[in-house]
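# Architecture at a glance
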Amino acid sequence: MEMHTATHKSDTERHTRKKVAYVAVLVLVIILISVIVASLVHRKILADSSGGDAPWHRPRLPKSLAPYHYRLELKPNLEDSVFTGTVEISLHCLAPTRYIVLHANLLNITEGSVFLKSLRGEILTLRDWFLYPKNEFLVLESKTSLETGRRYVIGMKFQGKLLEDMRGFYRSFYSANSTHNDRRYLAVSQFAPMDARKAFPCFDEPAMKATFDVTLVHQSEYTALSNMPIRQSEVRSEGWVADHFYTTLRMPTYLLAFVIADFGYKEGVTGIHDIVASPQMRVPAMENWGLVVSHENRMLYAPKLSPVWKKEEVASMIAHELAHMWFGNLVTPEWWGGVWLKEGLATWAAVRGVDAAEPTWRVKERYFVQSLHQILPVDSSSLSHPLQLTVTGPQDVTRGSSLMRMLNTILGTAFRKGILKYLQKYKYSNAGQNDLWACLTEVVQEDGRTDVQVKEVMDTWTLQMGFPVVTVTRDYSNGRVTATQRHFLYDPEVNVPDSLRNYVWQVPLTFMSRESGNTSLGNGDTSRGNGTVSIPGIFWLRKREEDFRLSVDASSRLLANINQTGYYRVNYDVRNWQLLAEDLDTVTFQNIPTQSRAGLIDDAFNLVRSGHLAPEVALNLSRYLTREREYLPWLAAERAFGYLHMMLADTKSSSDLKWL
Ligand SMILES: [Zn+2]
């Protein structure tokens, strides 16, 4: 047994040694192959471990080069799901560099096609070029340094896949009739925010604006669309047609658009604009300059079949995308953190546009209050974030447009003038919120108003998260009012990140009493000199607590935040809540404007939810609803009761919840 084992052992040893030798040879071969392959490939894809402070290691493009013109040709093959292309990019050199860093993602650059030349056409030697996938970069290394003030041209051929991922230049499909075997393909682009680099090598940042000469090559039975009209169509071999488009305006890469489809074409009312309905899309609609692409669900309206609200939805979508032609396309954010500004302005302008086109829909009155009631609850959590940080979703668009409405109320006609100034000053360029605040402040000062420094005001609303609840406490014996502000949170005990402004806002407080009536605000005449605030007017609450005199009769109710134009909630002392409830429960309740009635309901029930107000106060206020015939207050009530219903469901109290 032992001997046998020994023999066996030595057998095993021999076996093992053989195996080791075999593995060693295999490893050697693998290493050798890898070295050879690596030496061939390394210059194409640079390993991440190379370390150092090279320009391609930083996430943002270097500022040494600025593209100013692209010549781009793309030829998608819809059946094989691939595309080929060529690009030539003209560049200004702003600082000496040997490296040309631009974006390319999931593209194959054709070996031997990459070149660098001077504007006059002299070819300059490239030492190397490689892809750096970690930052989605393509890097060209010139033998000699590019010189400041001179212009250069780079170019290359490339190929990519026409995936069905709805990003970059992608393939979409539809069925011409209901049978599945009649699938038709189309090629569509969706470049925002960072997928132009998946369609062609480019400087894919919003501040890298340039003009574009686009050529789309397609089979003759298809139609090609881009941002500009077709300048010339050229017939090529084997049924291919090359459509050359007019040069675009100066614009960022994310607004370029291509569509190749066999759709019919309908001459629209917008004249210079194309709007295409696409069957598959990542976003509801995209504001490409001159070629809006929308998801077909958001676009199609059948007069006898679709519900009425659908018509309003389509109109609002088109108005929003067209408003972007100024807010975003003409003046573009420097970087993605500034997106809320273009979204907020476009939404603000679109609501006005739809309201002007179809006043009977009362969009302006309804949209803002409705969206405020949606967004305030989202922004009442410790998990919210400052608006300026990033746009994370539709809620930031709503926050942005709500702040624009507030600012419009504060500034009156100066708001419109300031926006025009901003568009004029930064057209075909980039700008951020500070640029807009500066233009608005200039206009306000030209008008002789000194109470508003727009930047100081707006920084408190955009650089910290959330919003305040303002508590208005009246002294009925002497007419004095104390206003205090506090970060509104459903859970007041929760920890929130520190804020440089300590969660104190510059709050434009507006008031109306029974005597002051339903007067709209003018340019906001704040008169604090004699210690009495005139009604109507704006009182600026800039500290945590301020106290002032208001000319209101002790028996009259006081209402703050007229029409709920401010992005904040209001609480009152119990007696004023009682006066408000009494006033609502009379035949003249409509003296309080509809938007304010909706605001009172929404504020009261949300203050109950956060523990600021006793439930009976809110319920008492809601009694007047038996008289209410307007949509907005009922919408607020429906939301409030829905929440109560949800919280009380399956509890002992649920049977006590009675509906009138
Ligand atoms: Zn938008």
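Each chain carries its own residue numbering, running from 1 in the direction its sequence is written. For this predicted model, a pLDDT threshold of at least 70 governs which residues receive local features, and a threshold of 80 or more governs which side-chain atom pairs are given and counted, while totals over whole chains, interfaces and linings are taken from all residues. The side-chain numbers reported here are obtained from all heavy atoms of the structure, hydrogens and water having been left aside.

Attention now goes to the coordination of the zinc ion. A donor here means any N, O or S atom no more than 2.8 Å from the metal (3.2 Å for Na, K and Ca); water is not included, so a site may seem to lack partners. Within the first shell, the zinc ion binds the protein through His-320 (NE2), His-324 (NE2) and Glu-343 (OE), at distances of 2.0 to 2.1 Å. Counting gaps between the donor residues of the zinc ion yields the pattern H-x3-H-x18-E. On the criterion of sequence distance, the pair formed by His-324 in the loop between α3 (308–323) and β20 (331–332) and Glu-343 in helix α4 (residues 339–357) is long-range, its members being 19 residues apart. Whether a residue is buried, partly exposed or exposed follows from its accessible area with a 1.4 Å probe, protein chains only, as a fraction of its type maximum: under 20%, in between, or over 50%, in that order. Taking the relative accessible area as the measure of exposure, Glu-343 reaches 12% and is therefore buried. Here a helix means four or more residues in a row that DSSP labels H or I, a strand means two or more in a row labelled E, and each is numbered from the N terminus.

To continue, consider the nonpolar core. Among the buried residues, those of types Ala, Val, Leu, Ile, Met, Phe, Trp, Tyr and Cys that are joined through side-chain atoms within 4.5 Å form a nonpolar core. If you look at the biggest cluster of nonpolar residues, it comprises 176 residues, and the most contacted ones within it are Phe-200 and Trp-461. Ranked by residue count, the leading element in this core is α4, at 10 residues. Not counting residues within four places of it along the chain, the set of residues in contact with Trp-461 comprises Leu-403, Met-406, Phe-467, Pro-468, Trp-505, Gln-506, Val-507, Pro-508, Tyr-567 and Tyr-568. Residue contacts follow a heavy-atom distance rule, with two residues in contact if any of their heavy atoms lie within 4.5 Å.

Take the UniProt feature "active site" (unreviewed entry) in the protein chain next. UniProt tags Glu-321 as "active site" (unreviewed entry). Residue placement: Glu-321 occurs in helix α3. Polar contacts involving the side chain of Glu-321 include one to the main-chain amide nitrogen of Glu-287, which spans 3.3 Å. UniProt positions are given in the numbering used here, feature names are shortened, and annotations may be inferred rather than shown by experiment. Contacts described as polar in this section are N or O atom pairs within 3.5 Å, which, within protein, must combine one atom able to donate a hydrogen with one able to accept it, while residues neighboring in sequence count only if both atoms come from side chains.

Below, the discussion takes up the sheet that holds strand β8 (residues 137–146). Overall, antiparallel pairing links the three strands, which are arranged β3-β8-β7 in an open sheet. In this open sheet, the two strands that pair with only one neighbour each are β3 (97–103) and β7 (126–132). Strand-to-strand twist across the sheet, computed as the mean angle between neighbouring axes with direction ignored, equals 20°. Note: two strands are recorded as paired if DSSP finds a minimum of 2 bridges between them. Fitted lines through C-alpha atoms give the axes, limited to the stretch in contact for helices. The angle between two N-to-C directions lies from 0 to 180 degrees.

Moving on: the packing of helix α11 (residues 594–609) against helix α13 (residues 631–648). α13 packs onto α11 with a crossing angle of 15° between their chain directions and a minimal axis gap of 7 Å. It follows from the interaxial angle that α11 and α13 lie roughly parallel. Here α11 runs over α13; the crossing is left-handed. Within the contact between the two elements, α11 uses Thr-594, Gln-595, Arg-597, Ala-598, Ile-601, Asp-602, Phe-605 and Arg-609 and α13 uses Leu-632, Pro-633, Ala-636, Ala-637, Arg-639, Ala-640, Phe-641, Tyr-643 and Leu-644. Amino acid classes used here: Ala, Val, Leu, Ile, Met, Phe, Trp, Tyr, Cys and Pro are nonpolar; Asp, Glu, Lys and Arg are charged; the rest, including Gly, are polar. Of the residues assigned to the contact of α11 with α13, the class counts are 11 nonpolar, two polar and four charged. Orientation is classified from the angle alone, with under 35 degrees giving roughly parallel, over 145 giving roughly antiparallel, 65 to 115 giving roughly perpendicular, and any other angle giving oblique. For any helix crossing, the convention is left-handed if the near helix is rotated counterclockwise from the far helix by under a right angle, and right-handed if that rotation is clockwise.

Here the focus is the pairing of strand β15 (residues 240–245). Walk down a regular strand and you will see the side chains alternate between the two sheet faces. Summarising burial for β15: six of the six residues are buried, a large majority. Side chains Trp-240, Ala-242 and His-244 project from β15 onto one buried face, and the interleaved Val-241, Asp-243 and Phe-245 project onto a second face that is buried too. Relative to β15, strand β12 (residues 211–219) runs antiparallel, the two being bridged by five bridges. Bridged to His-218 within β15 is Val-241. Here strand β14 (residues 230–235) runs beside β15; their pairing, made up of five bridges, is antiparallel. From the neighbouring strand, Glu-234 faces β15, where its bridge partner is Ala-242. Taken together, β14 and the strand that follows it, β15, pair antiparallel across an intervening segment of four residues, in which Glu-238 is found at a positive phi of about 55°.

Here, a salt bridge means any Lys or Arg side-chain nitrogen found within 4 Å of an Asp or Glu carboxyl oxygen. Here the structure, examined in full by the defined rule, presents 32 salt bridges. A salt bridge links Lys-342 to Glu-287, with the nearest nitrogen and oxygen atoms 2.8 Å apart. On the criterion of sequence distance, the pair formed by Lys-342 in helix α4 and Glu-287 in the loop between β18 (285–286) and β19 (291–295) is long-range, its members being 55 residues apart. The burial state of Lys-342 is the same as that of Glu-287; both residues are buried. Here Lys-421 and Glu-446 are joined by a salt bridge, their closest N and O atoms 2.9 Å apart. In this pair, Lys-421 sits in helix α7 (residues 413–426) while Glu-446 sits in helix α8 (residues 433–446), placing the two residues 25 residues apart along the sequence. For Glu-446, a relative accessible area of 58% puts it in the exposed group. Each of Glu-73, Glu-234 and Arg-236 takes part in salt bridges that share partners, so that together they form one network.

A word on the environment of Phe-511. In this fold, Phe-511 is placed in strand β24 (residues 507–513). We classify Phe-511 as buried; its relative accessible area is 1%. Taking the C-alpha atoms as reference, Phe-511 lies 7.0 Å from Gly-537; in sequence the two are 26 residues apart.

Quick look at the sheet that holds strand β28 (residues 558–560) now. Spatially, three strands are ordered β26-β24-β28 in an open sheet, and the strand pairing comes out antiparallel. Both edges of this open sheet fall to β26 (538–541) and β28, since each of them pairs with a single strand only. Going across the sheet, the axis of each strand differs from the next one's by a mean of 35°, ignoring polarity. Bridge count for β24 against β28 is three bridges, and the pairing is antiparallel. Bridged to Phe-511 within β28 is Ala-560.

For the rest of this paragraph, the subject is the confidence of the model for the protein chain. Overall, the predicted model of the protein chain reaches an average pLDDT of 88, with 86% of residues at or above 70. Per residue, pLDDT measures the predictor's confidence, with a range of 0 to 100. Here residues 1–9 is a poorly scored stretch, pLDDT under 50, and it has zero contacts once near neighbours within four places are set aside; other chains count. Per-residue pLDDT stays below 50 along residues 518–531; that stretch engages in 34 contacts with residues further than four places along the chain or on separate chains.

UniProt marks His-320, His-324 and Glu-343 with the feature "binding site: Zn(2+)" (unreviewed entry), using the numbering shown here. For the annotated residues, spread through 24 residues, the largest C-alpha to C-alpha distance comes to 8.6 Å, consistent with a single compact locus. His-324 sits in the buried class, given a relative accessible area of 0%. Not counting residues up to four positions away in its chain, the partners in contact with His-324 are Glu-287, Asn-329, Lys-342, Glu-343 and Ala-346. In this structure, Glu-343 is in contact with Glu-287, His-320, His-324 and Val-397, ignoring residues within four places of it in sequence.

A few words on helix α5 (residues 363–378). The span expected for a helix works out to 1.5 Å for each residue beyond the first. A rise of 1.5 Å per residue sets the reference length of α5, with its 16 residues, at 22 Å; its end C-alpha atoms lie 22 Å apart and thus fit the reference within 8%. Burial in α5 covers these residues: Val-363, Arg-366, Phe-368, Val-369, Ser-371, Leu-372, His-373, Ile-375 and Leu-376.

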